[in-house]
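Examination of the molecular architecture
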Amino acid sequence: MHKALTIAGSDSGGGAGIQADLKTFAALKVYGTSVITSVTAQNTLGVQGTFDLPPEFVGRQLDAVLSDIGAGAAKTGMLANAGIIEVVAAKVKEYGVKNLVIDPVMVAKSGDLLLAREARQALKEKLLPLALVVTPNLDEASVLAGREITSEDEMVAAARELHDLGVPYVLVKGGHLAGAATDILFDGREVRRFTAPRLDNRHTHGTGCTLSAAIAAFLARGLTVPAAIAEAKEYIHTAISQARAVGQGYGPVHHLAPYYSWGD
Ligand SMILES: Nc1ncnc2c1ncn2[C@@H]1O[C@H](COP(=O)(O)OP(=O)(O)OP(=O)(O)O)[C@@H](O)[C@H]1O
Ligand SMILES: Cc1ncc(CO)c(N)n1
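Computed from a predicted model, the values in this text were never measured in an experiment.

1. Digging into the packing of aromatic side chains
Two aromatic rings are characterised by how far apart their centres lie and by the angle between their planes. Taken as a whole, this structure holds zero aromatic pairs when the rule is applied. Sitting over the ring of Tyr 250, Arg 202 keeps its end group 4.9 Å from the ring centre.

2. Here's the deal with the packing of helix 3 (residues 82-95) against helix 4 (residues 120-127)
Contact pair helix 3 / helix 4: the axes reach a minimum separation of 9 Å and the direction vectors enclose 10°. Overall, the two elements helix 3 and helix 4 adopt an arrangement that is roughly parallel. Residue-level contacts link Ala 82, Ile 85, Glu 86, Val 88 and Ala 89 of helix 3 to Ala 122, Leu 123, Lys 126 and Leu 127 of helix 4. Here the residues of the contact of helix 3 with helix 4 are counted per class, giving seven nonpolar, no polar and two charged.

3. Things to note about the UniProt feature "domain: Pyridoxamine kinase/Phosphomethylpyrimidine kinase" (unreviewed entry) in the chain
With numbering matched to this structure, UniProt assigns "domain: Pyridoxamine kinase/Phosphomethylpyrimidine kinase" (unreviewed entry) to residues 11-254. For the annotated span residues 11-254, helix accounts for 41% and strand for 18% of the residues, and the straight-line distance between the end C-alpha atoms is 15 Å.

4. Quick look at unusual backbone geometry
One non-glycine residue with positive phi stands out, namely Lys 29, at about 55°. Along the chain, Lys 29 turns up in the loop between helix 1 (17-27) and strand 2 (31-42). The backbone of Asn 99 sits at a positive phi, close to 55°, despite the residue not being glycine. Mapped onto the elements of the fold, Asn 99 is located in the loop between helix 3 and strand 5 (100-102).

5. A short note on helix 7 (residues 207-220)
Taking 1.5 Å per residue as the helical rise, helix 7 with its 14 residues ought to reach 20 Å, and the 20 Å between its terminal C-alpha atoms agrees with that figure. Taking burial as the measure, the 14 residues of helix 7 include 14 buried ones, the bulk of the element. Within two residues after helix 7, Gly 222 carries a phi angle of roughly 100°, on the positive side.

6. Re the side chain of Thr 182
Tracing the backbone shows Thr 182 in strand 8 (residues 181-186). Among the residues examined, Thr 182 registers a relative accessible area of 8% and is labelled buried. When residues no more than four places from it in sequence are discounted, the contact partners of Thr 182 are Glu 152, Met 155, Val 172, Lys 173, Gly 174, Arg 193, Phe 194 and Thr 195.

What counts as what
Residues numbered from 1 in each chain as written. Chains lettered and ligands numbered in written order. Predicted model: local features only at pLDDT ≥ 70, side-chain atom pairs only at ≥ 80, totals over all residues. Heavy atoms only, no water. Phe/Tyr/Trp six-rings, centres within 6.5 Å; stacked < 30°, edge-to-face > 60°. Lys NZ or Arg CZ within 6 Å of the ring centre and 35° of its normal. Axes fitted to C-alpha atoms, helices over the stretch in contact; angles between N-to-C directions. Helix = DSSP H or I, 4+ residues; strand = E, 2+ residues; numbered from the N terminus. Parallel < 35°, antiparallel > 145°, perpendicular 65-115°, else oblique. Contact = heavy atoms within 4.5 Å. Nonpolar A, V, L, I, M, F, W, Y, C, P; charged D, E, K, R; others polar. UniProt positions renumbered as here; feature names shortened; annotations may be inferred. Expected span 1.5 Å × (residues − 1). Buried < 20%, exposed > 50% of the residue type's maximum accessible area, 1.4 Å probe, protein only.

Printed below as a string of structure tokens:
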């Protein structure tokens, strides 16, 4: 059986975070486990509150999952603060977690902070070097690169820079640019573009979470990184296009189970 782990925050509205990740894993027929970093009171309109778990208890959840069940791939989402980043980095090393996808979540679409500002450096220095893939959006790429990233050329330059920090595959997501939804992958040698037509609807809450969870699911299934990204891109595009209105704000995407009928 293929297994994937998500280390992320809970979204009570069911559209992003742990809930999006587990729905994605299930749709892609991968057994999902979850380590919760923070509980958010959240809906399609925004984040009404966050309650971060003690880092020690995040560590205990990681021990519980990794000492028994294991994971063929893992992803991180909302990590809340530097204490949680440190314990996640330590446990990833201790258990030799492979195929780690880091979605460097910082701010929700609604503008609410999901990672303390002072923890950004810890994310860059302690966790990024352990990643196989990192998936920043334009804002996160800007923070990590230390300058505004607003065009496809700048996305390529930022991907090269983040690769130099020691991440083998950097995927800079262009979901927030106008025009086609183009994400740029740099693997240290070549630049690849993953493009899909832009969908003009409001069902885009949790798109980043879903994309990184789908990449982890396909890595757990044994695909190469570029193949996993290509499949994940198709999954998120279909999930946005098939979504129906939920709530009054930016609604969730639709998780299609079973998306793949791969027998096992
Ligand atoms: N309107 C859209 N139409 C098609 N694809 C989209 C659209 N918006 C985002 N995407 C795709 O969805 C994926 C997530 O990208 P995005 O840049 O929105 O991430 P994000 O900002 O981290 O998401 P979020 O913070 O809302 O979870 C990317 O592959 C992107 O190209
Ligand atoms: C819990 C959580 N994680 C990630 C995001 C980013 O979409 C969000 N809004 N909420």
